[in-house]
Structures are given as C-alpha cells and as structure tokens.
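The residues making up each chain are set out below.
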Amino acid sequence: MSNKDYLKDISEIKHLMNKSSRFISLSGLSGILAGVYALIGAAIAYYIVANSVRGYLILDGNVFKICAAILIMVAVLSIGTGIFLTTKKAKKNGEKIWDNSSKRLVVNFLIPLIVGGLYILIILNQERYGHTAALMLIFYGLALINASKYSIGDIRYLGFTQIILGLICALMPSYGFWFWVIGFGFMHIIYGSIMHFKYDR
C-alpha cells in the first residue's frame, strides 16, 4: 500500500472513532433560531418592564412573573427547535439520536446548568437580583464547555464567550439585561451561522 492509502485509512479510522465518541449532529440552524427567540423575548420583556408602574422588577410582582414566563417560553422553544432540527439532521446522516454519546452530552450539559439554575433561584429568593444575568451567562458557558467533550468541539468557543460576557457583566451589573441580550441573542445567532455554514452545508 502507498503512503496515500495509509493516510486515507488512518483518516477513516479517526472519523469512525470520532463518530462513536461524539454526538456531531447538532444543528447550526437551531442555534440561530434560539438567538432569534431570545431577542424577541427580550424585546417583549423590555417593553413590559419599561411600561410598568415601577419601571423595574421585584420578585413578588406580576411583571416579574410575566418576564419569568417569557424566559421559560424562550427556553422551551429553543430546546424544542433544537431537538426537532437535530433529530432531522441525525436521521439524514443515518445516525442515532439517542445513543451513548448523546446521553453523555446531555448529562454533562445539564449538571452545570441545573446547579446554576438552583443557585440563581437561591439568590433571587434572597432578593439579590444584581448578578442574575451574569450567573446565567457563566453557568451556561460552563455547561457548553463541559458538553463540548462529547459533541462538536467548536461549542466550547461559544462557552468561553458566554463566560467572558458573564464576568464583564458581573463588573457592570446595571447592564445585565444588555449582556444577556448579547450572550443569548446575538452570540447564538453568530455561532449558529458559523456552525450552519461549516457543518450543515
């Protein structure tokens, strides 16, 4: 066999090993849509808060409950769209949607996310609102980096970006809403676009 044949065989073996250990059917389009959902949700929440009597949020107020419902709706739409498009892509590529690699991906993604969510609920209950956006960005970034070991490695760059935004946001908590918009809105659209043209096409 020639050197060219050896290199081809090594490349194929590496590709097969990568497919068996990583879930690579994540859809870039789902990232774009998640960013769009976040921007729409943020715009609605901003309008509601700006036109409320107080003009700001308190934990036991109706405006807070509406904004929390909007946040949950954004999350549900993003997750639902992600599952639908990822499943569609996996079937197209002849891959299983729920195998060991996808299970590891989900578990490693959820651990930092659940811990972060519980911590945010604790500080909200203590009426410490200032760093909520920063913590959301930081824990989400940690979840992405943790999950990147079992998926497309480029995800970790989005994770690093979210963490950096979260740390800057912690220094400027009064701008938390806008950092949230940048992190969950614009960065998702940018990242999703890159992934779509790099992998989906």
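Here we summarise the structure given alongside this text.

On a plain count of helices and strands, the chain comes out with seven helices and zero strands. The order of α-helices and β-strands along the chain, N terminus first, is α-α-α-α-α-α-α. Every one of the 201 residues in the chain was classed for burial, and the buried ones make up 36%. Within the chain, counting contacts between residues at least 6 apart in sequence, those at least 24 apart form 74% of the total.

Moving on to the environment of L135. In this structure, L135 sits in helix α5 (residues 132-147). Residues L135 and I163 lie 28 residues apart in sequence; the distance between their C-alpha atoms is 8.9 Å. If sequence neighbours within four positions are ignored, L135 has contacts with Y119, I120 and I123.

What follows concerns the environment of L29. Take L29: it is sitting in helix α2 (residues 28-50). In this structure, the C-alpha to C-alpha distance between L29 and T81, residues 52 residues apart in sequence, is 9.1 Å.

Turning our attention to the side chain of T81. With respect to the helices, strands and loops of the structure, T81 is situated in helix α3 (residues 62-92). Apart from residues no more than four positions distant in its own chain, T81 is found in contact with S30, L33 and Y37.

This paragraph deals with α5. Taking 1.5 Å of rise per residue, the 16 residues of α5 would be expected to cover 22 Å, and the 22 Å separating its terminal C-alpha atoms lies within 8% of that figure. Of all 16 residues making up α5, twelve are buried, and the element is well covered by its neighbours. Restricting attention to buried positions, one finds in α5 the residues T132, A133, A134, L135, L137, I138, F139, Y140, G141, A143, L144 and A147.

Because each turn of an α-helix spans 3.6 residues, side chains separated by three or four positions end up pointing in the same direction. Spanning 23 residues, α2 covers 33 Å between terminal C-alpha atoms, matching the ideal 33 Å at 1.5 Å per step. Along α2, the residues classified as buried are G28, S30, G31, I32, A34, G35, A38, G41, A42, A45 and V49.

Our focus in this paragraph is the packing of α5 against helix α6 (residues 155-171). Remark: α5 packs on α6, axes separated minimally by 7 Å, with the N-to-C direction vectors making an angle of 160°. Relative to α6, the element α5 lies roughly antiparallel. Taken as a pair, α5 and α6 cross one another with a handedness that is left-handed. The segment α5 lies against α6, with A133, A134, L137, I138, Y140, G141, L142, L144 and I145 engaging I155, R156, L158, G159, F160, Q162, I163, L165, G166, L167, C169 and A170.

Here we come to the packing of aromatic side chains. Inspection of the entire model under this criterion finds seven aromatic pairs. Considering the side-chain rings of Y119 and F139, the 6.5 Å spacing of their centres and the 55° angle between planes classify their relative orientation as tilted. Taken together, the residues span a long stretch of sequence, with Y119 in helix α4 (residues 100-125) and F139 in helix α5 at a distance of 20 residues. Classification of Y119 by relative accessible area gives partly exposed; the value is 36%. In this structure an aromatic cluster arises from ring pairing among F109, Y140, W180 and F184.

About the cut-offs
- Residues numbered from 1 in each chain as written.
- Predicted model: local features only at pLDDT ≥ 70, side-chain atom pairs only at ≥ 80, totals over all residues.
- Heavy atoms only, no water.
- Helix = DSSP H or I, 4+ residues; strand = E, 2+ residues; numbered from the N terminus.
- Buried < 20%, exposed > 50% of the residue type's maximum accessible area, 1.4 Å probe, protein only.
- Contact = heavy atoms within 4.5 Å.
- Expected span 1.5 Å × (residues − 1).
- Axes fitted to C-alpha atoms, helices over the stretch in contact; angles between N-to-C directions.
- Parallel < 35°, antiparallel > 145°, perpendicular 65-115°, else oblique.
- Left-handed = near helix turned anticlockwise from the far one by under 90°.
- Phe/Tyr/Trp six-rings, centres within 6.5 Å; stacked < 30°, edge-to-face > 60°.

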